[in-house]
Amino acid sequence: MQTPIRIAVLLFCVVWEVQGAVNCTSAGRYADPADTTCKNYSLCILTTDNTFISYDYTCPATSLFSPVSSTCTTNYVCNTTNTTTTTNTTTSACTADGFVADPSSTDCTSYIQCVQINGTFSETVLSCPNGTLYNPNTTLCDASYNCTSAVSCSSAGRVADTTDTTCQRYFLCVLAANGTLLQYSYTCPTTSVFSPVSKVCTTTYTCP
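Per an unreviewed UniProt entry, the chain goes by Chitin-binding type-2 domain-containing protein and derives from Pieris macdunnoughi.

Structure representation (structure tokens):
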């Protein structure tokens, strides 16, 4: 008589477990967007019938979940302090799950966490800890990142940072939905420089 009860309890636990905090669109581990402690995440698994199931997990007490490496680690700094608002918008700065620069921030102190839910991106505006700025190259808050802009965008595209003598820094100008140009600072990988001719990082361009 106890066997049916045990099976019912087991099925109940499984049903509860697969109601993950993240709406899975691909296999992998993803941060729980509602968790301000950076400890909770969901594991998305593709089943044989091409549907996804999601399992919720919590990192061990001494670690946090890094959305960059998709693992629990002691090296990640939780950047979810001073969460402002979460909105669903048709004009989204998001193109994939993860973190992007906040287009409305002129001082690089805030950024956006992107989570795709039912085909629509949920954007959560987060603030970097004091003394750090959002670095779009690493998608982390960085104490050494320089947010100053050396150019003003006049059209969409990439343009060299003329103040950089190493020729590795450049700006990406993006045309927003409201008609304004947004400007983001980037740095080429250490083995390449930015070519103002081809507008890409390359190893064939010679820095003057």
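What follows picks up the thread again.
1. Here we look at the side chain of T132
Within the secondary structure, T132 is located in the loop between β9 (120–127) and β10 (133–135). On the accessibility criterion, T132 (18% relative accessible area) is buried. There is a polar contact of 2.6 Å between the side chain of T132 and the backbone oxygen of P129.

2. Regarding the state of the cysteines
A covalent bond between the sulfur atoms of two cysteines is referred to as a disulfide. Following the criterion strictly, the structure yields four disulfides and no others. Here C59 pairs with C72 through a disulfide, and the sulfurs are 2.0 Å apart. Disulfide C59-C72: torsion about the S-S bond near -80°, hence left-handed. With C59 in the loop between β3 (52–58) and β4 (64–66) and C72 in strand β5 (residues 71–73), the pair connects residues that are 13 residues apart, well separated along the chain. The class for C72 is partly exposed, based on a relative accessible area of 30%. In this model C128 forms its disulfide with C141; the gap between the sulfur atoms is 2.0 Å. Taking the sign of the torsion about the S-S bond as the criterion, the disulfide between C128 and C141, at about -80°, is left-handed. With a gap of 13 residues between them, C128 in the loop between β9 and β10 and C141 in strand β11 (residues 140–142) connect regions that are remote in the sequence. Since its relative accessible area comes to 17%, C141 is described here as buried.

3. Examining the packing of aromatic side chains
In total, this model carries six aromatic pairs according to the counting rule given. When the centroid spacing of 4.7 Å and the interplanar angle of 15° are considered together, the rings of Y170 and F194 count as stacked. Placement of the pair is Y170 in strand β13 (residues 169–175) and F194 in strand β15 (residues 193–194), with a sequence separation of 24 residues. Each member of the pair, Y170 as well as F194, carries the same accessibility label: buried. Cluster of aromatic residues (ring-pair linked, three or more members): Y41, Y57 and F65.

4. Re the nonpolar core
Counting 14 residues, the largest nonpolar core has C38, L64, Y76, F99, Y111, C128 and Y134 as its most contacted members. Every element with two or more residues in this core is listed here: β7 (98–101) and β14 (181–187). Both domain 2 (98–142) and domain 3 (157–202) contribute no fewer than three residues apiece to this core. Apart from residues lying up to four places away in sequence, Y76 is in contact with C38, L64, F65, S66, P67, F99 and L140.

5. Observations regarding the sheet that holds strand β2 (residues 40–46)
The strand order across the open sheet built from three strands is β1-β2-β3, with neighbouring strands paired in antiparallel fashion. The open sheet is flanked by β1 (28–31) and β3, the only strands paired with a single partner. Strand after strand, the sheet turns through a mean of 30° between neighbouring axes, direction not considered. In this structure, β2 lies alongside β3, joined through seven bridges in antiparallel fashion. Counterpart to L43 in the pairing with β3 is Y55.

Thresholds applied
- Residues numbered from 1 in each chain as written.
- Predicted model: local features only at pLDDT ≥ 70, side-chain atom pairs only at ≥ 80, totals over all residues.
- Heavy atoms only, no water.
- Helix = DSSP H or I, 4+ residues; strand = E, 2+ residues; numbered from the N terminus.
- Buried < 20%, exposed > 50% of the residue type's maximum accessible area, 1.4 Å probe, protein only.
- Polar contact = N/O pair within 3.5 Å; in protein donor to acceptor, adjacent residues only side chain to side chain.
- Disulfide = S-S within 2.5 Å.
- Phe/Tyr/Trp six-rings, centres within 6.5 Å; stacked < 30°, edge-to-face > 60°.
- Core = buried A, V, L, I, M, F, W, Y, C linked by side-chain atoms within 4.5 Å.
- Domains from an automatic or database assignment.
- Contact = heavy atoms within 4.5 Å.
- Pairing = 2+ DSSP bridges.
- Axes fitted to C-alpha atoms, helices over the stretch in contact; angles between N-to-C directions.

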